[in-house]
Amino acid sequence: MNPPAQSPAAAAPAPTTRPLRGQLGTYLGLAAVLIGMVVLFSSLSEYFFTAETFITIANEVPALTVMAVGMTFVLIIAGIDLSVGSVLALSAAVTAAAILQWKLAVPAAAALGLATGLLCGAVTGAVSVAWRLPSFIVSLGMLEAVRGGAYLVTDSRTQYVGDAIAGLAAPWIGGVSSAFVVAVAIVIVGHLVLTRTVFGRHVVGIGTNEEAMRLAGIDPRPIRIAVFAVTGLLAGLGGLMQSARLEAADPNAGAGIELQVIAAVVIGGTSLMGGRGSVINTFFGVLIIAVLEAGLAQVGASEPAKRIITGAVIVAAVIIDTVRQRRAGAA
C-alpha cells in the first residue's frame, strides 16, 4: 500500500547545517562590508563616526527598508515591480487629500493610503498573471499610470500636511524615529514569513520551479498576486513614512527610488532569476546603500561621482554573488 502523498510544504526537507553555514557566512560577509565602509568613511571624515550621523541614516531608511522587504519577495518569485516609487507617491497623495480635502480622521486617511498601495500592487499582479505578461512590462505601465494619478490627486502641487502624521517620524529611542522601529519589525516579520511559513516555502518554490509547483497541486497565481499586493501595501507604508518625515506629500516623491530598492535587494544576494533571497540580507543591503550615500556626501563627492561609485558597488555585489553561487554549486 502506497503511503499518503504529502504536500510540498510538508515534504520539504529540513534545513541542513550546510545551508545554515552558508547563510551565516553571507550575514558575516555583508556585516564585514558594512563595517569596512564605516571604518573607511570614518577615516576620511572626522564627522562621520558620530551618533548624529547614524541617527540621521536610521531616520532616512525606513521607507526604503519596507519597500525592499516587499521587493525581496517579488524577486524571489522571478518577478520585478518598477512601480513602487509611483505607488509611494500616490499613497502619500491620497492620504494628504483625505486629511486636507476630505476631512477624514488621520487613522482613516492613513488606512486609505495603505489601501491605495495594496490595490495598485494587486492590479499589477493580477494583470501580469491573468494575461501571462512579464511583470517588468506591467509594472512599467503602472509606474506611469500611478504617477499620473499622484499628479491628479495633488493637482500637481506639493500638499503640506503639517504635523498631522508626524508622529510616525517623531524621535522615540535615542533620537531614532518610530518609523525605523516599525521598519525593523517588518524586516523581522518578513524574514519569519519567508523562512518559517508554508506561504514562504511556496514563494521560494514558485521562483525555483513554477511548473513543479503546479504539478504538485499548488496554484501559483494567487500567491503571485498576493506577493505583488503586499509589495504595493509596503510601498504605501513607505509613502506614509516619507510624508511623516517631510510633513508633505509631493507628487514627485519616490521618483527613481525603485532602482535603490532593487539595488538593496540585489546587494543582499537575492537572485534576479528567482528562487533565492533573504530579507535579513536585504536589510544589510539597505544599510550598505545608506552608509555609502551618507559617507560620499560627507567626503564631498560630487553627484556624478556618487552615482558612478554606487553603480560600481551594485555591479560588484552581483558579480561576487554570482561567483560565490557558482562555487557553491560546483562544491
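Report follows, based on the coordinates. (Residues numbered from 1 in each chain as written. Predicted model: local features only at pLDDT ≥ 70, side-chain atom pairs only at ≥ 80, totals over all residues. Heavy atoms only, no water.)

1. Details of the packing of helix α4 (residues 62-76) against helix α13 (residues 279-298)
Where α4 meets α13, the axes come as close as 9 Å, and the angle between the chain directions of the two elements is 140 degrees. Relative to α13, the element α4 lies oblique. For the pair α4 and α13, the crossing hand works out as right-handed. Each of Leu64, Thr65, Ala68, Val69, Thr72 and Phe73 in α4 lies in contact with α13, whose residues at this interface are Val279, Thr282, Phe283 and Val286. The residue makeup of the contact of α4 with α13, split by class, is 7 nonpolar, 3 polar and no charged. (Axes fitted to C-alpha atoms, helices over the stretch in contact; angles between N-to-C directions. Helix = DSSP H or I, 4+ residues; strand = E, 2+ residues; numbered from the N terminus. Parallel < 35°, antiparallel > 145°, perpendicular 65-115°, else oblique. Left-handed = near helix turned anticlockwise from the far one by under 90°. Contact = heavy atoms within 4.5 Å. Nonpolar A, V, L, I, M, F, W, Y, C, P; charged D, E, K, R; others polar.)

2. Structural notes on the layout of surface pockets
Its volume calculated, the second largest pocket comes out at about 940 Å³. The set of elements that each furnish at least two residues to the lining of the second largest pocket consists of α3 (51-60), α4, α11 (220-246), α12 (257-267), α13 and α14 (303-330). Broken down by class, the residue content of the lining of the second largest pocket amounts to 18 nonpolar, 11 polar and 6 charged. (1 Å grid on protein atoms, 1.4 Å probe; cavity = no way out; pocket = protein on both sides within 12 Å on 5 of 7 lines; lining within 4 Å. Points joined across faces, edges and corners; volume = space filled by probe spheres on them.)

3. What to know about the environment of Gly70
The topology assignment puts Gly70 in helix α4. Taking the C-alpha atoms as reference points, Gly70 and Arg147, 77 residues apart in sequence, are found 19 Å from one another. Residue contacts for Gly70: discarding those within four places in its chain leaves Thr231 and Leu234.

4. Side note on the nonpolar core
Ranked by internal contacts, the top residues of the largest apolar core, which has 72 residues, are Met67, Met71, Val203 and Val291. When residues of this core are assigned to their parent elements, the largest contribution, 11 residues, is made by α13. Contact partners of Met67, with chain neighbours within four places excluded, come to Val84, Gly85, Leu88, Leu234, Ala235, Ile257 and Val261. Counting residues in each nonpolar core, the second largest holds 9 residues, with Ala98, Val161, Ile165 and Ala244 among its members. (Core = buried A, V, L, I, M, F, W, Y, C linked by side-chain atoms within 4.5 Å. Buried < 20%, exposed > 50% of the residue type's maximum accessible area, 1.4 Å probe, protein only.)

5. Section: empty space enclosed by the protein
Scanning the model with the defined rule gives 1 cavity of 30 Å³ or more in all. Around the largest cavity, the lining residues are Leu88, Ala92, Gly239, Gln242, Ser243, Leu246, Ala248, Ala249, Asp250 and Ala253. Listing elements by their share of the lining of the largest cavity, those giving two or more residues are α5 (84-100), α11 and β4 (248-249). Among the elements that take part in the lining of the largest cavity, α11 stands out by supplying 4 residues, more than any other.

6. Digging into unusual backbone geometry
For Lys103, which is not glycine, the phi torsion reads 60 degrees and is therefore positive. On the secondary structure map, Lys103 appears in the loop between α5 and α6 (106-130). Not every positive phi belongs to a glycine, and Ser156 is a case in point at roughly 60 degrees. Structurally, Ser156 is set in the loop between α7 (135-154) and β1 (159-160).

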